[in-house]
Amino acid sequence: MASVIEKTIRKAVTPAIRAVAAINRARLDPPSDNPFLTGIHTPMREEKTLTDLAVSGTIPAELDGRYVRIGPNPFDDGTRGHHWFVGDGMVHGIRLKGGKAEWYRNRYIRSHVLEEKGGPAAAPGPRRSLRDTVNTNVLGIGDTIMALVEAGSFPAALDGDLETIGYSDFGGGLTGSFTAHPHQCPLTGEFHAICYDATNPAAIRHVALDRQGKVLRETPIAVEHGPSIHDCALTENYVIILDLPVTFSMKALLAGHQFPYRWNAEYRARVGLMPRSGGDVTWVPVDPCYVFHVGNAFEDGEGRVVIDLCAYETIFDGEMPGPYGRALGLERWTVDPAAGQVERRTIDASGQEFPRPDERYFTRNYRYLWVMGLPEDGDLEFVAPMPLYRHDVLSGERVQRDFGPGRIPGEFVFVPRCPDAPEGDGWVMGYVIDRRERTSALEILDATTLQSVAVVHIPHLIPPGFHGNWIAAS
């Protein structure tokens, strides 16, 4: 924990840093030149409620709930130094029930930042600071729909119509930043998260919640140089920490860039295994690379931890408004703490992102993974057609679904046919946009064949976003 003296120094120095950054920001490219503020990334200007939605195919009657995805949607025209990751949060959701699509809604997350720009009034609730933008993930924690962001604001709670009820520190138990990617153990119901914060570059925190969202414990973990840890992983006994070479950059901050994290070639890369109940972290070195998202992880019975993930050779290596880097494909990492090494094996060398398993098999040896393919040219502005893959990690089989010219998918999530259905028996769903028609659709596919089951048509373009989840009504 930071001492009183350290906090006082930070409080005194921060205004000077912001002043220098503001001066230098005026020298950066104008927002009109930013690819994440134009084209298909052009922000939506109004909140809509649509109840007369056209549907192709048949929506499975078993689906009773909401598919909700969140992403950045700047309320204004953006500013110099804008980065895709920092725009105001907006959720897009569709309510499915009884084989029908009852509504589509899009709603801003009601932050103080949004209100200061002239947007809707801020929602109540505790804040860590005035920088309270939430824009990265949305999922159910306990009985509440929670919108999440990493390294900054407390989460925001939403009601069933996706309106922001208020900000939450989980009943007072959360003392610092949270994460966009808490993972729930299907056996215990506990959520585990690895949280980082640019204001404290010397430590990250492991936060454990019970199934209702009550904080069980927070454990500080010493690090150096403020690493950006977007995701973590979970096994039966461990929380897995990916401490990789993207770190806080004071140089980028002073230059006026609003996302101050950069590739750090001097930083040692390592994987940490921390007991879920707390305790010392076992660190194992790994070759330098970066990982946004983990598909699944489990223990192999021989004291090793297996992690399936999407890796990059580098990311954020220079001044850039988005996540540019060279994708290495889907990899399997086998972490051997006794030998002190990580064996990396390529499962599929094609560039890909947003790996999602059947969440009922999270922490266990599993078989199926659904992953969004990246464009062949490596363009990470998410403006080119991309396939969806279903990987059988046991047999090596890959099933591919292409959505057609000009149609661009986002993350797809698996939904089981029923609670006790076999692994992979159900559907996957996600938004697909049509850049030519400037429309969107919620595509519901058979999870095995990736053939279309139903399409809910949305008569406008939903800008590419980050993460979505199926949140069952029950």
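Coordinates for the structure precede this section.
From a predicted model like this one, the values you see are computed outputs, not experimental measurements.

In this section: the nonpolar core. Ranked by size, the top nonpolar core spans 54 residues in total, and within it Ile-240, Val-271, Ile-307 and Trp-333 carry the most contacts. Elements with a minimum of two residues in this core: β14 (233-234), β15 (238-243), β17 (261-263), β18 (270-275), β20 (290-299), β21 (305-315) and β22 (325-336). The dominant element in this core, judged by the number of residues it contributes, is β21, at 6 residues. Of all hydrophobic cores here, the second largest spans 24 residues; its members include Leu-53, Ile-59, Met-429 and Ala-454.

Turning next to the pattern of salt bridges. Scanning all chains against the criterion turns up 25 salt bridges. The partner of Asp-64 in a salt bridge is Arg-95, and the shortest N-O contact between them spans 2.8 Å. With Asp-64 in the loop between β2 (55-57) and β3 (65-72) and Arg-95 in strand β4 (residues 89-97), this pair connects stretches of sequence that are 31 residues apart. The residue Glu-443 makes a salt bridge to Arg-407 at a minimum N-O spacing of 2.9 Å. Taken together, the residues span a long stretch of sequence, with Glu-443 in strand β31 (residues 439-446) and Arg-407 in strand β28 (residues 407-409) at a distance of 36 residues. Both residues of the pair, Glu-443 and Arg-407, count as buried. A single salt-bridge network, built from bridges that share partners, covers Glu-47, Arg-107, Arg-110 and Glu-163.

It is worth spelling out the pairing of strand β11 (residues 191-195) at this point. Counting buried positions over the 5 residues of β11 gives 5, a clear majority of the element. Looking at chain direction, strand β10 (residues 183-184) and β11 are connected through 2 bridges and run antiparallel. For His-183, the partnering residue across the bridge sits in β11 and is His-192.

Now for the environment of Tyr-324. Within the element layout of this structure, Tyr-324 appears in the loop between β21 and β22. In this structure Tyr-324 comes out as partly exposed when scored by relative accessible area, which is 23%. Considering only alpha carbons, one finds Tyr-324 and Tyr-312, 12 residues apart in sequence, at a separation of 9.7 Å.

A complete count under the given rule lists 3 cavities of 30 Å³ or more for this structure. There is about 70 Å³ of room inside the largest cavity. Contributing to the lining of the largest cavity are 10 residues, with Arg-69, Pro-409, Gly-410, Pro-464 and Gly-465 lying nearest its centre.

By the definition in use, this model includes 22 aromatic pairs. With a centroid separation of 5.0 Å and 55° between ring planes, the pair formed by Phe-259 and Phe-316 is classed as tilted. With a gap of 57 residues between them, Phe-259 in the loop between α3 (250-254) and β17 and Phe-316 in the loop between β21 and β22 connect regions that are remote in the sequence. Summarising the burial analysis for this pair, Phe-259 and Phe-316 share the class buried.

Cut-off values and rules
Residues numbered from 1 in each chain as written. Predicted model: local features only at pLDDT ≥ 70, side-chain atom pairs only at ≥ 80, totals over all residues. Heavy atoms only, no water. Core = buried A, V, L, I, M, F, W, Y, C linked by side-chain atoms within 4.5 Å. Buried < 20%, exposed > 50% of the residue type's maximum accessible area, 1.4 Å probe, protein only. Helix = DSSP H or I, 4+ residues; strand = E, 2+ residues; numbered from the N terminus. Salt bridge = Lys/Arg side-chain N within 4 Å of Asp/Glu carboxyl O. Pairing = 2+ DSSP bridges. 1 Å grid on protein atoms, 1.4 Å probe; cavity = no way out; pocket = protein on both sides within 12 Å on 5 of 7 lines; lining within 4 Å. Points joined across faces, edges and corners; volume = space filled by probe spheres on them. Phe/Tyr/Trp six-rings, centres within 6.5 Å; stacked < 30°, edge-to-face > 60°.

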